[in-house]
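# Chain and residue survey
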Amino acid sequence: NENFAVEAGVIGPAEASVSASGSITGTLNGKPLVLSAAGSLIADAKESYTLGGKLNLPVNDKFTAYAKGGMLWWDVDYKASGTLTVTYNGQATSISGSGTYASADGSDPYYGIGGSYSVTDKVSINADWLRTEIDGADIDAYSLTASMKF
């Protein structure tokens, strides 16, 4: 059926992070003291997989609007790193550490809309928006792709 398609996909690895740093200065026993700290949290998403359906709604010979929905299977590691530096009277000492503090995986539904413009009978340019949830966080994805029919 030219108005319905089954799609399977792979979404490459992605990473989101947040970092913070700061320092406090003062004196201890009349000598300068500086405490500095820096840290980051990272959500490291592994490859994810999709399987779903796509309903094509032709507008004219060149443009087709579509709606899609299906399931997303995902896997995320949560990592943290940090450094603490104490400088007292010009002598610095640092400690640092990093590691994975949590991991999660699961599956969630996704849905979206988009459009496809046929450049030729075999090649089209597509733009779409998808929404899903990963580990309780709403995710919006936008894509611009080229497709080739065999």
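### What to know about the pairing of strand 6 (residues 91-118)
Note: strand 5 (residues 63-88) against strand 6, 26 bridges, orientation antiparallel. Across the sheet, the residue bridging to Thr87 is Ala92, located in strand 6. In this structure, the hairpin formed by strand 5 and strand 6 is closed by a connection of 2 residues, where Asn89 is found at a positive phi of approximately 55°. Here strand 6 pairs with strand 7 (residues 123-134) via 8 bridges, running antiparallel. When the sheet's bridge partners are listed, Ser116 is paired in strand 7 with Asn126. Adjacent in sequence and paired antiparallel, strand 6 and strand 7 are bridged by 4 residues.

### Points about unusual backbone geometry
Here Asn89, not a glycine, exhibits a phi torsion of approximately 55°, which is positive. With respect to the helices, strands and loops of the structure, Asn89 is situated in the loop between strand 5 and strand 6. Phi at Asp135 is positive, roughly 50°, even though this residue is not glycine. For Asp135, the location among the structural elements is in the loop between strand 7 and strand 8 (137-148).

### Here's the deal with the packing of aromatic side chains
Across all of its chains, the model carries 2 aromatic pairs by this definition. Here the aromatic rings of Tyr78 and Tyr101 are separated by 6.4 Å at their centres, their planes lie at 40°, and the arrangement is tilted. Of this pair, Tyr78 sits in strand 5 while Tyr101 sits in strand 6, placing them 23 residues apart in sequence. Residue class for Tyr78 comes out buried when judged on its relative accessible area of 19%. Residue Tyr101 is classed as exposed on the basis of its relative accessible area of 51%. Taken together, a centroid distance of 5.9 Å and an interplanar angle of 75° make the contact between Tyr111 and Trp129 edge-to-face.

Cut-off values and rules
Residues numbered from 1 in each chain as written. Predicted model: local features only at pLDDT ≥ 70, side-chain atom pairs only at ≥ 80, totals over all residues. Heavy atoms only, no water. Pairing = 2+ DSSP bridges. Helix = DSSP H or I, 4+ residues; strand = E, 2+ residues; numbered from the N terminus. Phe/Tyr/Trp six-rings, centres within 6.5 Å; stacked < 30°, edge-to-face > 60°. Buried < 20%, exposed > 50% of the residue type's maximum accessible area, 1.4 Å probe, protein only.

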